[in-house]
Amino acid sequence: MLKIGVLGAGHLGKIHLRLLQQSDKYELVGFYDPNQENAEKVSKEFGYKHFSTIATLIHAVDVIDIVTPTLSHYKCAKVAIKSGKHVFIEKPISNTVEEAEEIIALAKEYNVKGQVGHVERFNPAFIATKNMIENPMFIETHRLAEFNPRGTDVPVVLDLMIHDIDAILSVVKSKVKNINASGVSVISDTPDIANARIEFENGCVANLTASRISMKNMRKSRFFQKDAYISVDFLEKKCEVVKMKDAPEVPGDFDMILQNAEGVKKQIYFSNPEVEQNNAILDELESFADAIINDTEPVVTLEQATEALRVAYQIIDCFKK
């Protein structure tokens, strides 16, 4: 079992602590939180060991799980990596692309592994359909959330849309060619609702919408490709696949047949891939343990997370224009 320590015991940090305590792959050594009052409360309530400094925690473990505010990700990762520890960093990887690139360089220099918490990669509905998403040419995503003041310290693009940016970059095997975007600040200093259009070199277009001032929660993505349409509901953890194939010579009574203007007939059929329920946060943490133990590439690499951050900032730059 790998010894792990958690930096940050806020809302998400407490979830990580609870799951790591349950894990068969980690031994939870303890945590550090700069808020002494909160640290003592969490320690007393759940029994986790509270370390008085970051340094003492880092020296006691093999892996550091960074669940602090984004602004401190780089500083925490730098200290941990330079101590030779593997790092799991909550998304986004850091506050700037420059910081992210330095984290990559340090991880290579000190020969440690890093993974970033883009948790939607472990969403069971996405896992169930990912192998079916082949060369999509149009993608549409909606990530809408009811207002929560906890995320308003960063633009909605870094808070919410980055999940979809990462998922899209993981399935589109092409470089970004062009980005257009607009965002509106409604109750925060930074945009609360945003729309982005990402064009890829291979012709694929992705249209992303994110809002944190919605009346209801929604996290849906739709992928359109030749002869198939794939819908993924990240919130309800459901998916739907609609495929087309050449119609049989003699269609059955219940076959759905479409005929275009040229007389070409296609049969439509539906499939609902089996979605195996899981705990995505536990799975992402344990997949990192597997990558360390087996010396394999993590599911969400530091480089991939940096690319998602780079695209997110290109979208934010469009707002300024």
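Going by an unreviewed UniProt entry, the chain carries the name Gfo/Idh/MocA family oxidoreductase and comes from Flavobacterium algoritolerans.

### Details of the packing of aromatic side chains
On inspection of all chains with the given rule, the structure shows five aromatic pairs. Residues Phe126 and Phe234 carry aromatic rings whose centres are separated by 5.8 Å and whose planes lie at 35 degrees to one another, so their mutual orientation is tilted. With Phe126 in helix 6 (residues 124–130) and Phe234 in the loop between strand 11 (228–233) and strand 12 (238–246), this pair connects stretches of sequence that are 108 residues apart. Looking at Phe234, the relative accessible area reads 1%, which means it is buried. On the numbers, 5.0 Å between centres and 35 degrees between planes, the contact of Phe224 with Tyr229 is tilted.

### Things to note about the sheet that holds strand 13 (residues 256–259)
With respect to topology, nine strands assemble into an open sheet ordered 7-8-9-6-10-11-12-14-13, the strand pairing being mixed. The two strands at the open ends of the sheet, each matched to only one other strand, are strand 7 (176–184) and strand 13. Looking at each pair of strands side by side, their axes are set apart by 15 degrees on average, direction ignored. Examined bridge by bridge, strand 10 (residues 218–225) and strand 11 share six bridges and lie antiparallel to one another. Residue Lys220 lies in a different strand from strand 11, and its bridge partner there is Asp233. Here helix 9 (residues 302–320) sits on the sheet in contact with strand 7 and strand 8 (193–200), set at roughly 55 degrees to strand 7.

### Some thoughts on helix 4 (residues 73–82)
A turn of α-helix holds 3.6 residues, and therefore any two residues three or four places apart point the same way. Buried residues of helix 4: His73, Tyr74, Cys76, Ala77, Ala80 and Ile81, and no others. On an axial view of helix 4, the arc spanned by its buried residues comes to 165 degrees, and they lie on one face. In this fold, the buried residues of helix 4 make contact with strand 1 (2–7), helix 3 (54–59), strand 3 (63–66), strand 4 (86–90) and helix 5 (97–109). Positive phi shows up at Gly84, right after helix 4, with a value of about 80 degrees.

### Considerations on the nonpolar core
Ranked by size, the top nonpolar core spans 95 residues in total, and within it Tyr26, Ile93, Val157, Met161, Ile165 and Ile315 carry the most contacts. Beyond its immediate chain neighbours, meaning those up to four positions away, Val157 contacts Ile162, Ile165, Ala194, Ala312, Ile315, Ile316 and Phe319.

### Re the pattern of salt bridges
This structure, assessed with the given rule, holds 14 salt bridges. Across the pair Asp295 and Lys113 runs a salt bridge, and its minimum N-O distance is 3.1 Å. With Asp295 in the loop between helix 8 (280–294) and helix 9 and Lys113 in the loop between helix 5 and strand 5 (114–117), this residue pair connects regions lying 182 residues apart in the sequence. Overall, Lys113 belongs to the buried group, its relative accessible area being 17%. Between Arg222 and Glu140 there is a salt bridge whose closest N-O contact spans 2.6 Å. Highlighted residues: Arg222 in strand 10 and Glu140 in strand 6 (residues 138–144), separated in sequence by 82 residues. For Glu140, a relative accessible area of 18% translates into the label buried.

### Looking at helix 5
Spanning 13 residues, helix 5 covers 18 Å between terminal C-alpha atoms, matching the ideal 18 Å at 1.5 Å per step. All of the buried residues along helix 5 are Val97, Glu99, Ala100, Ile103, Ile104, Leu106 and Ala107. On its buried face, helix 5 is in contact with helix 4, strand 4 and helix 9. Two residues or fewer after helix 5 comes Asn111, characterised by a positive phi angle close to 55 degrees.

### What about the UniProt feature "domain: GFO/IDH/MocA-like oxidoreductase" (unreviewed entry) in the chain?
Within this structure's numbering, the places UniProt gives as "domain: GFO/IDH/MocA-like oxidoreductase" (unreviewed entry) are residues 156–216. Helix makes up 26% of residues 156–216 and strand 39%, with an end-to-end C-alpha separation of 16 Å.

### Examining the environment of Val156
If you trace the backbone, Val156 turns up in helix 7 (residues 156–171). Along the chain, Val156 and Ile193 lie 37 residues apart, while their C-alpha atoms are 6.5 Å from each other. Residue contacts for Val156: discarding those within four places in its chain leaves Met161, Pro191, Asp192, Ile193, Ala194, Ala210, Ser211 and Arg212.

### Focus: the sheet that holds strand 4
What the five strands build is an open sheet, ordered 2-1-3-4-5; its pairing is parallel. Every other strand in the sheet has two partners, leaving strand 2 (26–32) and strand 5 as the edge strands with one partner each. Each strand axis lies, on average, 20 degrees off the axis of its neighbour in the sheet, ignoring direction. Sheet topology places strand 3 next to strand 4; four bridges connect them, and they run parallel. Among the inter-strand pairings, Ile64 is bridged to a residue of strand 4, identified as Val87. Seen against the sheet, helix 4 touches strand 1, strand 3 and strand 4 and runs at an angle of roughly 170 degrees to strand 4.

### Concerning the side chain of Ser23
Structurally, the position occupied by Ser23 is in the loop between helix 1 (11–22) and strand 2. Within the local environment of Ser23, its side chain forms a polar contact with the backbone nitrogen of Lys25, the two atoms lying 3.0 Å apart. Of the polar contacts made by the side chain of Ser23, one reaches the side chain of Glu286; its length is 2.6 Å. Residues within four places of Ser23 in sequence aside, it is in contact with Met1, Leu282 and Glu286.

So, how was this worked out
- Residues numbered from 1 in each chain as written.
- Predicted model: local features only at pLDDT ≥ 70, side-chain atom pairs only at ≥ 80, totals over all residues.
- Heavy atoms only, no water.
- Phe/Tyr/Trp six-rings, centres within 6.5 Å; stacked < 30°, edge-to-face > 60°.
- Helix = DSSP H or I, 4+ residues; strand = E, 2+ residues; numbered from the N terminus.
- Buried < 20%, exposed > 50% of the residue type's maximum accessible area, 1.4 Å probe, protein only.
- Pairing = 2+ DSSP bridges.
- Axes fitted to C-alpha atoms, helices over the stretch in contact; angles between N-to-C directions.
- Contact = heavy atoms within 4.5 Å.
- Arc of directions from axis to C-beta.
- Core = buried A, V, L, I, M, F, W, Y, C linked by side-chain atoms within 4.5 Å.
- Salt bridge = Lys/Arg side-chain N within 4 Å of Asp/Glu carboxyl O.
- Expected span 1.5 Å × (residues − 1).
- UniProt positions renumbered as here; feature names shortened; annotations may be inferred.
- Polar contact = N/O pair within 3.5 Å; in protein donor to acceptor, adjacent residues only side chain to side chain.

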